[in-house]
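Each chain is listed here by its residues.
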Amino acid sequence: MNAEKGLALVNLDEDGVDTAFRADVLAGLSEAQKAIPARWLYDDAGSQLFEDITQVPEYYPTRAETEILKAHGQDFAALIGTGRAVVEFGSGSSVKTPLLLSAIAPAAYIPLDISGDFLRAAADELSGKFPDLPVYPVEADFMRQVELPDEVQALPKLGFFPGSTIGNMVARTAVDLLRSMRETLGEGAKLLIGMDLIKQEEVLVAAYDDKAGVTAEFNRNLLRRVNRELSGDIPVEQLVHEARWNDEYARIEMHLVAEVDLQFSVGGTTFRMAAGETIHTENSHKFNRRTSNMLLLAGGWEPQARWLDGAQRFSLIVAEAKPPRSAP
Ligand code: AVI
């Protein structure tokens, strides 16, 4: 269900090792600032841990976005209109998608996901809830332009990208994605996108470092995955989860911090970390009105309306793929 795990189709070598995972980990651990791309956080255990994160009291984004979807159904219907083909980037979550579909009475629903299993499960669940709605699941990497089914070609489109998953991408990748969404959906399409907001540092850090330690487990699960799938011996218990606010880039960063000097191997290559050194595992960018507008415009989308939850923590934005205008 997350964009960050959907960047490449799976390619296994003769030992069943995901070659892209191995390449990313070996390259990332060789950098001066060690880093592993966040999409690798989402194996089965990681996906379940992320679901658990959405339930911890400190992690507000899921609840805040659901609140907006519940409160503004009529506003969405007025602006978006009925009869659109809703294209969801990532298979639909159990709560948010039905709220949207109930509000805007679409003509079709097209979940896009790279993982066929997630996709089929989400499509079946949706069909059960909306028996009269045609559902056309498409297994594809939505970071690239996707060919939509013939049956929906002529319908007006609405892209749906909830959860502030766009915030897990650096600006260049986010703009690439927005542009390929525009290619997929075509001119005149609308996009309903969730973007988390900049707020007090303590609130943000707590959301990514909950007291129960679920986010810490989510982060360290990545090391367990490396050890299991890439023949590693990283001493997982000697790396500590840390959530940091990077004010310069307006983002929460997840790191794994070495408590002591470490030496370990992954896939036969030896790596060293000095005490205090970190492996950077995720960015979660936060936005304000201007930066979210700027990002959408850079990706070819003109913002039209924006709603916040009651506590003003999270935003849902409707934008439109208008024809490009020449300056000014
Ligand atoms: C999936 N994504 C939007 C989550 C976020 O808030 O950036 C991932 C996450 N990482 C730690 N907690 C949640």
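Residues numbered from 1 in each chain as written. Predicted model: local features only at pLDDT ≥ 70, side-chain atom pairs only at ≥ 80, totals over all residues. Heavy atoms only, no water.

Asker: Describe the overall build of the protein, naming the residues involved and giving the relevant values.
Answerer: Summing up its helical and strand segments, the protein has 10 helices and 13 strands in all. Whereas a compact globule of 328 residues would reach a radius of gyration of roughly 20 Å, the protein reaches 20 Å, a difference of no more than 12%. Along the first, second and third principal axes, the C-alpha set of the protein runs to 60 × 45 × 45 Å. With 328 residues in all, the protein has 53% of them scored as buried. Taking contacts inside the protein between residues at least 6 apart in sequence as the whole, the part at least 24 apart equals 69%. (Helix = DSSP H or I, 4+ residues; strand = E, 2+ residues; numbered from the N terminus. Rg over C-alpha atoms; globule rule 2.2 N^0.38 Å. Buried < 20%, exposed > 50% of the residue type's maximum accessible area, 1.4 Å probe, protein only. Contact = heavy atoms within 4.5 Å.)

Asker: So what's going on with the packing of aromatic side chains? Residues and values would help.
Answerer: Counting across every chain of the model gives 11 aromatic pairs. Note on Tyr42 and Phe50: the rings are 6.1 Å apart at their centroids and 75 degrees apart in plane angle, and the pair reads as edge-to-face. The exposure class of Tyr42 is buried, given its relative accessible area of 7%. Each member of the aromatic cluster is reached from another via a ring pair, and the members are Tyr42, Phe50, Tyr59, Tyr208 and Phe218. The positively charged end of Arg225 is found above the aromatic ring belonging to Phe21, 4.6 Å away from the centroid. (Phe/Tyr/Trp six-rings, centres within 6.5 Å; stacked < 30°, edge-to-face > 60°. Lys NZ or Arg CZ within 6 Å of the ring centre and 35° of its normal.)

Asker: Outline the packing of helix α3 (residues 61–71) against helix α5 (residues 96–104), listing residues and values.
Answerer: In contact at an axis separation of 9 Å, α3 and α5 are set at 15 degrees when each is read in the N-to-C sense. By the angle between their axes, α3 is roughly parallel relative to α5. Judged by the twist between their axes, the crossing of α3 over α5 is left-handed. Taking contact as the criterion, the partners of Thr62, Glu65, Thr66, Leu69 and Lys70 in α3 are, on α5, Lys96, Leu99 and Leu100. (Axes fitted to C-alpha atoms, helices over the stretch in contact; angles between N-to-C directions. Parallel < 35°, antiparallel > 145°, perpendicular 65-115°, else oblique. Left-handed = near helix turned anticlockwise from the far one by under 90°.)

Asker: Tell me about the site of the ligand, and name the residues and values.
Answerer: The ligand sits among 16 residues. The nearest are Tyr59, Asn168, Tyr208, Glu282 and Ser284. Residue Tyr59 places a side-chain N or O atom 2.5 Å away from an oxygen atom belonging to the ligand. Take Glu282: an N or O atom from its side chain is 2.7 Å from a nitrogen atom of the ligand. Contact with the protein chains hides 99% of the accessible area of the ligand, taken as 340 Å² for the molecule alone. Among the residues making up the shell around the ligand, the classes are represented as seven nonpolar, seven polar and two charged. (Near = heavy atom within 4 Å. Polar contact = N/O pair within 3.5 Å; in protein donor to acceptor, adjacent residues only side chain to side chain. Areas by Shrake-Rupley, 256 points an atom, 1.4 Å probe, with all protein chains shown as cover. Nonpolar A, V, L, I, M, F, W, Y, C, P; charged D, E, K, R; others polar.)

Asker: Outline the pattern of salt bridges, supporting the account with residue identities and numerical values.
Answerer: Here the structure, examined in full by the defined rule, presents 23 salt bridges. Taking the shortest distance from any N to any O, the salt bridge between Arg220 and Glu217 comes out at 3.9 Å. One end of the pair, Arg220, and the other, Glu217, are both in helix α9 (residues 214–229), three residues apart, so they sit about a helical turn from each other. A cluster of three or more residues bridged by salt bridges with shared partners is formed by Asp43, Arg225, Arg228 and Glu229. (Salt bridge = Lys/Arg side-chain N within 4 Å of Asp/Glu carboxyl O.)

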